[in-house]
Amino acid sequence: MKLKLLSTMTMVAALGLAGCANPDVYSGDVYGSRAAKQAQSVTYGTVTSVRPVLIQAGDQNPNIIGTLGGGAVGGILGHQVGGGSGQALATAVGAIAGSMVGSRAEDKINQVKAVELEVRTDNGENLIVVQKADRNWQPGQRVRLVGSGSNMSVAPY
């Protein structure tokens, strides 16, 4: 009974922590704290192509929560099988399998639907910006590009 409760609590905790990721940071409507009260360059242009892509969030700490949580749950569930050396083997196999499943699950949870926008600026430069797919972008749409380099977002004009 205690093992079932512990495994349920572990799974809920792992899923809860994975849900703490904030995918809105990839939106063109969200500015990071470093961008607040800072002068930003503005360029105007026209969207020439739109392609759906995925942003793989969580690159800083790849799959730690999923791997550890899945391994713990898998080990607990594996421990409930058999007895003696068979039980130890089942625990190890459960932990390894749980780690693999948890890691893959966290990969999927951390994916954000995005768009790759190709924009032809008014001065003739072609730029690509990837950001969260929170608008319906169309080729031919006029836009403004705010920022520069790795800190650029596209907004309707």
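Residues numbered from 1 in each chain as written. Predicted model: local features only at pLDDT ≥ 70, side-chain atom pairs only at ≥ 80, totals over all residues. Heavy atoms only, no water.

Caption draft 1: Spatial organisation of the overall build of the chain. Of regular secondary structure, the chain possesses 3 helices and 5 strands. Its helices and strands taken in sequence order, the chain reads α-β-α-α-β-β-β-β from the N to the C terminus. Looking at the 157 residues of the chain, the share that counts as buried comes to 31%. Surface accessibility of the chain: about 9,800 Å² in total, with carbon and sulfur atoms responsible for 59%. (Helix = DSSP H or I, 4+ residues; strand = E, 2+ residues; numbered from the N terminus. Buried < 20%, exposed > 50% of the residue type's maximum accessible area, 1.4 Å probe, protein only. Areas by Shrake-Rupley, 256 points an atom, 1.4 Å probe, with all protein chains shown as cover.)

Caption draft 2: Looking closely at the sheet that holds strand β2 (residues 111–121). Strand order in this open sheet of 5 strands is β3-β2-β1-β4-β5, and the pairing throughout is antiparallel. Pairing within the sheet leaves two strands with one partner each, and these edge strands are β3 (126–132) and β5 (151–156). Geometrically, the sheet is characterised by an average inter-axis angle of 35° between neighbouring strands, direction not taken into account. Pairing geometry for β2 and β3, over 7 bridges, is antiparallel. Bridge assignment links V119 to a residue of β3, and that residue is L127. (Pairing = 2+ DSSP bridges. Axes fitted to C-alpha atoms, helices over the stretch in contact; angles between N-to-C directions.)

Caption draft 3: The pattern of salt bridges, seen in detail. Evaluation of the coordinates by the stated rule reveals 2 salt bridges. Between R51 and E116 there is a salt bridge, with its nearest N and O atoms 3.0 Å apart. Taken together, the residues span a long stretch of sequence, with R51 in strand β1 (residues 42–56) and E116 in strand β2 at a distance of 65 residues. The exposure class assigned to R51 is partly exposed, which follows from its relative accessible area of 44%. Assessed through its relative accessible area of 18%, E116 is described here as buried. Two residues, R142 and D122, come together in a salt bridge whose shortest N-O distance is 2.8 Å. With R142 in strand β4 (residues 142–148) and D122 in the loop between β2 and β3, the pair connects residues that are 20 residues apart, well separated along the chain. On the accessibility criterion, D122 (52% relative accessible area) is exposed. (Salt bridge = Lys/Arg side-chain N within 4 Å of Asp/Glu carboxyl O.)

Caption draft 4: Broad picture of the environment of K132. Looking at the secondary structure, you find K132 in strand β3. Along the primary structure K132 and V53 are separated by 79 residues, whereas in three dimensions their C-alpha atoms are 9.1 Å apart.

Caption draft 5: Seen up close, the nonpolar core. In this structure, V47, V115, L117, V119, L127, V129, W137, V143, L145 and V154 together form the largest nonpolar core, which totals 10 residues. Among the secondary structure elements, those contributing two or more residues to this core are β2, β3 and β4. Element by element, the count of residues in this core is highest for β2, at 3 residues. Apart from residues lying up to four places away in sequence, L145 is in contact with S41, V42, T43, G45, V119, T121, L127, V129, M152, S153 and V154. Counting 5 residues, the second-largest nonpolar core is a separate cluster that includes V53, A57, V112 and A114. (Core = buried A, V, L, I, M, F, W, Y, C linked by side-chain atoms within 4.5 Å. Contact = heavy atoms within 4.5 Å.)

Caption draft 6: The arrangement of the confidence of the model for the chain in detail. For the chain, per-residue confidence averages 75 on the pLDDT scale, and residues scoring 70 or more make up 61% of the total. Low pLDDT (under 50) marks residues 17–22, which in the prediction has 3 contacts with non-local residues, meaning those over four places away or in another chain. (pLDDT = per-residue confidence, 0-100.)

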